[in-house]
Amino acid sequence: MAALKVLQLTDLHIAPRAGELMLGIDTEAYFRQTLKHAVDQHGPFDLALLTGDLAQDPCVDSYQRISRHLSAFDMRCLCLPGNHDDFDLMRIYLNSGKLGCDKRLVLGNWLIVMLNSQIIGSPVGMLAEAELEFLEGTLRAHKRLPTLLAVHHHCVESGSPWMDAMRIRNSAAFLALIKQHPQVKAVTCGHVHQAFAKREAHIELFATPSSCFQFTPQSDDFSLDDTPPGYRVFRLGEDGCLQSEVFRLPIRMDDLDRNAHEY
Ligand SMILES: [Fe+2]
């Protein structure tokens, strides 16, 4: 069996109405370009992971439009919520055909686990006790399967204090749990709107760029970056080895409102 190819798209920030701009840009148009670029350049994919902040101000229409864009490609997709999302709406409107919000999936000989780090009404991340129990039970039940975890918020410092104030509040408990499970190969997140790759013990920790605007790395305060939208591609080998790479759209962000002070 060839390696599994998995796409990660994150932080779409789709507006309630089509054509509405955010920070000067049409986030939906950028999402469509990013999705098309990924599939054209690196597809077909065995799976796509959408790791939160799919909608900016969640409503039925924004999720229906996301569903339409994804359904245009014959690709299995799993979605998890970010701080901006409404997971109840997601589970209704991102749940047809090959699109779903399942929290775990066995794909080939790999296990994919989708975690919910949302505290409703807060931008800060947290893995509730029930979420950690679900994770532990799932890992115990699939000890032999190499595992990729996906979650919206980051669990290690990114180097930007304003962003790190929002990281998973109980990261220490989360990391202590997954370090006890040698089959966990990597954790991938969104939220930070930039790429990073770090390591804790045997586990690789990735962050993936947004499909719209990016934040300046190593910044004390909110700051937009010129870097174009991007995505991450994983290759999950049958032998449990994992490779990943970030790709970006070959464009300039000329329309971005660089004077914006928040999002
Ligand atoms: Fe976020």
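Refer to the structure presented above.
On a predicted model such as this, the values are computed, not experimentally measured, just so you know.

Engineer: Is there a simple way to think about the coordination of the iron ion in this case?
Structural biologist: For a metal with four tetrahedral donors the ideal donor-metal-donor angle is 109.5 degrees, while six octahedral donors give ideal angles of 90 or 180 degrees. Distances from the iron ion to its protein donors, Asp53 (OD), Asn83 (OD1), His152 (NE2) and His191 (ND1), fall at 2.1 to 2.3 Å. Classification of the site at the iron ion as irregular follows from its four donor atoms and the range of 82 to 170 degrees in their angles at the metal.

Engineer: How do you make sense of the sheet that holds strand 6 (residues 110-114) when you look at a structure like this?
Structural biologist: In sheet architecture, strand pairing relies on hydrogen bonds along the backbone and comes in two forms, parallel and antiparallel. Across the sheet, which stays open at both edges, the six strands sit in the order 5-6-9-10-12-11 with mixed pairing between neighbours. Each edge of the sheet is formed by a strand with only one pairing partner; in this case those strands are strand 5 (104-107) and strand 11 (196-200). This sheet shows a mean twist of 20 degrees between the axes of neighbouring strands, independent of strand direction. Across five bridges, the pairing between strand 11 and strand 12 (residues 203-207) is antiparallel. When the bridges of strand 12 are listed, Arg199 appears paired with Glu204. Contacts from helix 4 (residues 129-141) reach strand 5, strand 6, strand 9 (147-150) and strand 10 (184-189) within the one sheet, and its direction differs from that of strand 6 by about 175 degrees.

Engineer: How should the nonpolar core be read in this particular structure?
Structural biologist: Nonpolar side chains tend to gather and get buried jointly when the protein is soluble and globular. Ranked by size, the top nonpolar core spans 42 residues in total, and within it Leu135, Phe174, Ile178 and Phe213 carry the most contacts. When residues of this core are traced back to their parent elements, those giving at least two are strand 6, helix 4, helix 5 (161-164), helix 6 (171-179), strand 10 and strand 12. Among residues more than four places away in sequence, those in contact with Phe213 are His13, Met22, Leu23, Ile25, His193, Leu224, Leu256 and Tyr263. Within the second largest apolar cluster, 28 residues are counted, among which are Leu7, Phe45, Cys77 and Leu99.

Engineer: How should the sheet that holds strand 2 (residues 47-51) be read in this particular structure?
Structural biologist: The six strands lie next to each other as 4-3-2-1-15-16, forming an open sheet whose pairing is mixed. What marks the edges here is a single partner per strand, and that holds for strand 4 (99-100) and strand 16 (242-248). Relative to strand 15 (residues 230-236), strand 1 (residues 4-9) is paired through five bridges, and the arrangement is antiparallel. If you follow Leu7 over to strand 15, its bridge partner there is Val233. Of the strands in this sheet, strand 1, strand 2, strand 15 and strand 16 touch helix 1 (residues 27-42), which is tilted by about 35 degrees from strand 15.

Engineer: Would you mind showing me how to read empty space enclosed by the protein here?
Structural biologist: Rolled over the atoms, a probe as big as a water molecule pinpoints where empty space is left. Under the criterion given, the structure shown has one cavity of 30 Å³ or more. In this structure, the largest cavity encloses a volume near 40 Å³. If you go around the largest cavity, the residues you meet are His153, His154, Cys155, Val156, Val187, Cys189, Leu205 and Phe206. Counting only elements with at least two residues in the lining of the largest cavity, the list comes to strand 10 and strand 12. A class-by-class count of the residues in the lining of the largest cavity yields six nonpolar, two polar and no charged.

Engineer: What am I meant to see in helix 1 here?
Structural biologist: Residue pairs spaced three or four apart in an α-helix point in one direction, given the helix's 3.6 residues per turn. Relative to the 22 Å expected for 16 residues at 1.5 Å per residue, helix 1 spans 22 Å between its end C-alpha atoms, a close match to the ideal helical length. Within helix 1 the residues assigned to the buried category are Thr27, Glu28, Tyr30, Phe31, Thr34, Leu35, His37, Ala38, Val39 and His42. Each element contacted by the buried residues of helix 1 is listed here: strand 1, strand 2, helix 2 (60-71), strand 15 and strand 16. The distance from a side-chain oxygen at the start of helix 1 to the backbone nitrogen of Glu28 is 3.1 Å, and the residue carrying that oxygen is Asp26.

Engineer: Is there a simple way to think about the pairing of strand 3 (residues 77-80) in this case?
Structural biologist: Consecutive side chains of a regular strand alternate in pointing toward one face of the sheet and then the other. Every second residue of strand 3 is oriented toward a common face, with Cys77 and Cys79 on one face and Leu78 and Leu80 on the other, all of them buried. The sheet contact formed by strand 2 and strand 3 spans four bridges and is parallel. Within strand 3, the position partnered with Leu49 by the bridge is Leu78. As a crossover connection, the stretch from strand 2 through helix 2 into strand 3 is right-handed. Strand direction decides the pairing type here: strand 3 and strand 4, joined by two bridges, are parallel. Paired with Leu78 across the strands is Gly100, a residue of strand 4. The parallel pair strand 3 and strand 4, bridged by helix 3 (residues 87-93), forms a crossover whose chirality is right-handed.

Engineer: Please clarify how the packing of aromatic side chains should be interpreted in this entry.
Structural biologist: Aromatic ring pairs are reported here in terms of the distance separating the ring centres and the angle at which the planes meet. Summed over all chains, the structure comprises six aromatic pairs. For the pair Trp162 and Phe215, a centre-to-centre distance of 5.0 Å together with 80 degrees between the ring planes defines the contact as edge-to-face. Taken together, the residues span a long stretch of sequence, with Trp162 in helix 5 and Phe215 in strand 13 (residues 214-215) at a distance of 53 residues. Of the two residues, Trp162 and Phe215, both sit in the buried class.

Procedures and definitions
Sequence order as written defines the numbering, with residues in each chain counted from 1. Only residues with pLDDT of at least 70 get local features here, since the model is predicted, and only at 80 or more are side-chain atom pairs given and counted; chain-wide, interface and lining totals rely on the full set of residues. Only heavy atoms go into the side-chain values, all of them from the structure, while hydrogens and water stay out. Each metal's donors are the N, O and S atoms found within 2.8 Å of it, except that Na, K and Ca use a 3.2 Å limit; water is left out, so coordination can look incomplete. In short, tetrahedral needs four donors with all angles between 85 and 135 degrees, square planar needs four and octahedral six donors with opposite donors over 155 degrees apart and all other angles between 65 and 115, and whatever is left is irregular. Two strands qualify as a pair provided DSSP detects at least 2 bridges between them. Elements are defined by DSSP. Helices are runs of H or I of four residues or more, strands are runs of E of two residues or more, and each kind is numbered from the N terminus. The angle between two axes is taken between their N-to-C directions and runs from 0 to 180 degrees, where each axis is a line fitted to C-alpha atoms and a helix contributes only its stretch in contact. The contact rule is simple, with two residues in contact once any of their heavy atoms fall within 4.5 Å. In plain words, nonpolar cores are sets of buried Ala, Val, Leu, Ile, Met, Phe, Trp, Tyr and Cys residues tied together by side-chain atoms within 4.5 Å. Here's how the labels work: a residue is buried when its accessible area is under 20% of the maximum for its type, exposed when over 50%, partly exposed in between, all with a 1.4 Å probe on protein chains only. Points on a 1 Å grid over protein atoms alone make up a cavity when a 1.4 Å probe fits among them but cannot get out, and a pocket when they form an open set with protein on both sides within 12 Å along at least five of seven lines; lining residues each have an atom within 4 Å of a point. Grid points are joined across faces, edges and corners, and a volume is the space filled by probe spheres set on the points. Gly falls in the polar group here, along with every residue not listed as nonpolar (Ala, Val, Leu, Ile, Met, Phe, Trp, Tyr, Cys, Pro) or charged (Asp, Glu, Lys, Arg). Multiplying one less than the number of residues by 1.5 Å gives the expected span of a helix. Under this definition, polar contacts are N or O atom pairs within 3.5 Å; protein pairs additionally need one hydrogen-donor-capable and one acceptor-capable atom, and for neighbouring residues in sequence, both atoms have to be side-chain atoms. A right-handed crossover is one whose linking path, passing over the helix from the first strand to the second, runs clockwise when the strands point away from the viewer. Put simply, two rings from Phe, Tyr or Trp (the six-membered ring, in Trp's case) pair if the centres are within 6.5 Å, and we call them stacked under 30 degrees between planes, edge-to-face over 60, tilted for the rest.

Remember, this is a structural readout, not a statement about activity or role.
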